[in-house]
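Listed below are the residues making up each chain.
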Amino acid sequence: MTENSHVSGSYWLQTAPGPDRPALTEDLDVDVAVIGAGVAGLSTAWELARAGRSVALLEADRVAAGVTGHTTAKLTALHTLIYDKLRRTRGPEGARLYGRSQSEAIERAAGIAEELGVDCDWERRSAYTYACDAGRIDELRAEARAAREAGLPASFVTETGLPFPVAGAVRVTGQAQFHPRKYLLALAEDLLAQGAHVHEHTPVVGLEEGEPCRLTTDTGARVTARDVVVATHYPVFDRALLFTRLSPRRELVVAGTIDAERDPDGMFITPDEGTRSVRTAPAEDGRRLLVVTGEHFTPGTGDTRARFQHLADWAAEHFPDVTLTHSWATQDNDPTDTVPLVGPLHPGARHTYVATGFGGWGLSGGMMAGRLLTAQITGEECAWSELYDPRRLRSTVREAPAFLKHQAQVARHFVGDRLRPGGPVEGIERGEGAVVRVDGERLAVHRDEAGHLHALSPRCTHLGCLVAFNAAERAWECPCHGSRFDTDGKVVQGPATRPLEQRDI
């Protein structure tokens, strides 16, 4: 990667493009409507269809092409350092239920892949959370004990397959990695074979709760459903103000090929160095694709191109023979009280549900959500319903410092970004963008490669924070709640549902 390069796109999307699905143009009447066709939405829709429900799956863009299409595709119940914290905040039973729910989701995916005959590069691997700093050994030992007590095959080790020494690591055996698009596109095909409706390019712009519920799409079609699931990563309908409990985090990915004998043979992550995550996947000619993730940051802050270069340099330093071919970014929402929010949409909800806040572990979390929501909608018991319930208050109060820190960051951006003077339009280079003042008005201005200027309102259409330009990905990003827009103002990522307003310049 060179310093002036920008993202080349997700390896998963490029190697499994998938067919186009038609937008919804006629009214539908179904048992359940699922909004969002990432891993959580697809898994929920598939489980419901298997349970005998008629289902409509509605996606604003493409199936499994959003956050799910930009994942690192690790399926593991070892989520960096979480079990020791869960043992302290939710008790041993809460930690056990978390581990069991995530582990069962992985095995469910393994069974589905085998049943449907999906060639999705499924591989069993051990997962490691490591640290190079000897000062973290006690923390790692405590995590290994807590994970083992939660039912995971966990142990503390001091040696790994990484090409550099570590002070220690938590190892959990029997985890998995796969090609997420190949797996999820197969789920979509099987959904259609079961008679479900799958529609792309169909943003849902209105939700009327009741018996039944009614959805309005921007195509003009309406969907009537007994139950509705909002699985849009960041809830586009947020009647419980969940955005106050979710902190957006963007993370970069670089990938390239290495010789098979250089494969570290595992899935690795460290909370140090702005996070570093490493794993491999099958590539052509018997080589392996090295996938390195890290440099996490709040959307709309800092120099993304410099962060990409920093991550590429780290990959080249530790894997000198890597030939980097791909770069992309993904986005996660961290819940302020650690555990995802899966269940009723708000305290008064009777037929509306949500799945969000997976904190970087959306594959196992999304698959878990599919089974949990299906159980709730079909009236079955699920042992971990209370653990993930979005209406929980006790854990939110207990972990109030994280909640208050998030609100303080939002307030700083909401107020502080408005106090910045803004530079001149003339200073915006080709391919760049900035929030500037023109005749006393703030504008978000982008200069394209041909030199033409494009002006938008800089106010995010979610709650009005000012956006900032991400030059590496050519996008406007909101630092408050993570909404993203392309250079023409179109919504790329929610919670915003309306584009940035056009302005003349």
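Quick notes on the rules
Residues numbered from 1 in each chain as written. Predicted model: local features only at pLDDT ≥ 70, side-chain atom pairs only at ≥ 80, totals over all residues. Heavy atoms only, no water. Disulfide = S-S within 2.5 Å. Pairing = 2+ DSSP bridges. Helix = DSSP H or I, 4+ residues; strand = E, 2+ residues; numbered from the N terminus. Phe/Tyr/Trp six-rings, centres within 6.5 Å; stacked < 30°, edge-to-face > 60°. Lys NZ or Arg CZ within 6 Å of the ring centre and 35° of its normal. Buried < 20%, exposed > 50% of the residue type's maximum accessible area, 1.4 Å probe, protein only. Polar contact = N/O pair within 3.5 Å; in protein donor to acceptor, adjacent residues only side chain to side chain. Contact = heavy atoms within 4.5 Å. Axes fitted to C-alpha atoms, helices over the stretch in contact; angles between N-to-C directions. Left-handed = near helix turned anticlockwise from the far one by under 90°. 1 Å grid on protein atoms, 1.4 Å probe; cavity = no way out; pocket = protein on both sides within 12 Å on 5 of 7 lines; lining within 4 Å. Points joined across faces, edges and corners; volume = space filled by probe spheres on them. Nonpolar A, V, L, I, M, F, W, Y, C, P; charged D, E, K, R; others polar. pLDDT = per-residue confidence, 0-100. Expected span 1.5 Å × (residues − 1). Salt bridge = Lys/Arg side-chain N within 4 Å of Asp/Glu carboxyl O.

J.: What am I meant to see in the state of the cysteines here?
T.: Linking two cysteines covalently through their sulfur atoms gives a disulfide. Scanning the model with the defined rule gives 1 disulfide in all. You can see C478 has no disulfide; the closest cysteine sulfur is in C460, sitting 4.0 Å from it.

J.: Any chance you could explain the sheet that holds strand 24 (residues 491-493) here in plain terms?
T.: Backbone-to-backbone hydrogen bonds join strands into a sheet, with any given pair of strands oriented parallel or antiparallel. If you trace the 4 strands from one edge of the open sheet to the other, you get 21-22-23-24, paired in antiparallel fashion. Looking at which strands have only one partner, the edges of the open sheet turn out to be strand 21 (468-470) and strand 24. Alignment of strand 22 (residues 475-477) against strand 23 (residues 484-485), held across 2 bridges, turns out to be antiparallel. Residue pairing in the sheet places W476 in a bridge with F485 of strand 23.

J.: Explain the packing of aromatic side chains here, please?
T.: We describe a pair of aromatic rings using the distance from one ring centre to the other and the angle between the two ring planes. The full count for this structure, using the stated rule, is 9 aromatic pairs. By way of ring pairs, the aromatic residues Y83, Y98 and Y388 are connected into one cluster. When the ring centre of F297 is taken as reference, the NZ or CZ atom of R307 above it lies at 4.2 Å.

J.: When you look at the side chain of H346 in this model, what are you seeing that I'm missing?
T.: Inspection of the secondary structure puts H346 in the loop between strand 16 (341-344) and strand 17 (352-356). Given the relative accessible area of 14%, H346 is considered buried. At 3.0 Å, the side chain of H346 and the side chain of E209 are in polar contact. When near neighbours in sequence (up to four residues on either side) are disregarded, H346 contacts E209, R239, A240, T352 and R391.

J.: So what exactly am I meant to see when it comes to the packing of helix 2 (residues 39-50) against helix 6 (residues 180-193) here?
T.: The relative placement of two packed helices is expressed as an angle between their axes plus a distance between the axes. In the contact formed by helix 2 and helix 6, the axes pass within 10 Å of each other and the chain directions differ by 35°. The two elements helix 2 and helix 6 meet at a crossing, and its hand is left-handed. Residues V39, L42, S43, A45, W46, A49 and R50 of helix 2 pack against L184, L187, A188, D190 and L191 of helix 6.

J.: What am I meant to see in the side chain of R125 here?
T.: By secondary structure assignment, the location of R125 is in strand 4 (residues 123-131). Among the polar contacts made by the side chain of R125, one reaches the side chain of D265 at a distance of 3.4 Å.

J.: Looking at this model, I keep getting lost on empty space enclosed by the protein. Mind explaining?
T.: Rolling a probe over the atoms, with the probe sized like a water molecule, indicates the empty space that remains. Following the criterion strictly, the structure yields 4 cavities of 30 Å³ or more and no others. Volume-wise, the largest cavity comes out at about 60 Å³. Taken together, S43, W46, E47, R108, A109, I112, Y183, M367 and R371 make up the lining of the largest cavity. Contributions of two or more residues to the lining of the largest cavity are made by helix 2, helix 4 (91-116) and helix 8 (362-378). Broken down by class, the residue content of the lining of the largest cavity amounts to 5 nonpolar, 1 polar and 3 charged. Around the second largest cavity, the lining residues are S101, E104, A105, M368, R371, L372 and W384. Counting residues per element, the ones that place at least two in the lining of the second largest cavity are helix 4 and helix 8. Here the lining of the second largest cavity is built from residues that sort into 4 nonpolar, 1 polar and 2 charged.

J.: Explanation requested: the confidence of the model for the protein chain in the structure shown.
T.: Atomic detail in the predicted coordinates should be set aside for any region of low pLDDT. Residue-level pLDDT values for the protein chain average 91, and 93% of them are 70 or greater. Contacts of residues 1-5 to residues separated by more than four positions or lying in other chains number 9 contacts, the stretch itself having pLDDT below 50.

J.: Explain the packing of helix 2 against helix 8 to me, please; I cannot follow it from the model alone.
T.: Remark: helix 2 packs on helix 8, axes separated minimally by 8 Å, with the N-to-C direction vectors making an angle of 35°. The two elements helix 2 and helix 8 cross, and the hand of that crossing is right-handed. Judged by residue contacts, V39, A40, S43, T44, E47 and L48 of helix 2 engage G362, L363, G366, M367, A369, G370, R371, L373, T374, I377 and T378 from helix 8. Of the residues assigned to the contact of helix 2 with helix 8, the class counts are 8 nonpolar, 7 polar and 2 charged.

J.: Sorry if this is basic, but what is going on with helix 5 (residues 137-149) here?
T.: Between its first and last C-alpha atoms helix 5 spans 18 Å; for 13 residues at 1.5 Å apiece the expected length is 18 Å, and the two agree. Packing partners of the buried residues in helix 5 comprise helix 3 (83-89), strand 4, strand 5 (154-157) and strand 6 (168-177). In the segment just after helix 5, G151 is the residue with positive phi, at about 105°.

J.: Hey, could you run me through helix 6 in this one?
T.: Structural remark: α-helix, 3.6 residues per turn; residues separated by three or four positions point the same way. Taking 1.5 Å of rise per residue, 14 residues should cover 20 Å, and helix 6 covers 20 Å from first to last C-alpha, within 8% of that figure. Along helix 6, 10 of the 14 residues are buried, which leaves the element largely enclosed by surrounding structure. Turning to helix 6, its buried residues are P180, R181, Y183, L184, L185, A186, L187, A188, D190 and L191. On its buried face, helix 6 is in contact with helix 1 (11-15), helix 2, strand 2 (55-58), helix 4, strand 7 (197-199) and helix 8. G195 lies just past helix 6 and shows a positive phi near 95°.

J.: Please explain the pairing of strand 13 (residues 276-282) as it appears in this structure.
T.: On any regular strand, side chains alternate: one points to one face of the sheet, the next to the other face. With 6 of 7 residues buried, strand 13 is to be regarded as a mostly interior element. The pairing of strand 12 (residues 267-270) with strand 13 spans 3 bridges and is classified as antiparallel. Paired with F268 across the two strands is V278, which belongs to strand 13. Linkage of strand 12 to strand 13, two consecutive antiparallel strands, is achieved through a turn of 5 residues, within which E273 is found at a positive phi near 60°.

J.: Sorry if this is basic, but what is going on with the pattern of salt bridges here?
T.: Any two side chains of opposite charge can pair if their charged atoms end up close together. What the rule picks out here adds up to 39 salt bridges. Measuring nitrogen to oxygen at the nearest pair gives 2.8 Å for the salt bridge that ties E251 to R249. Overall, the relative accessible area of 5% leaves E251 in the buried class. Accessibility expressed as a relative area gives 15% for R249, which makes it buried. Residue R249 pairs with D332 through a salt bridge whose shortest N-O separation is 3.8 Å. Of the two residues, R249 is situated in strand 11 (residues 246-258) and D332 in strand 15 (residues 323-335); the sequence distance between them amounts to 83 residues. You can call D332 buried: its relative accessible area is 10%.

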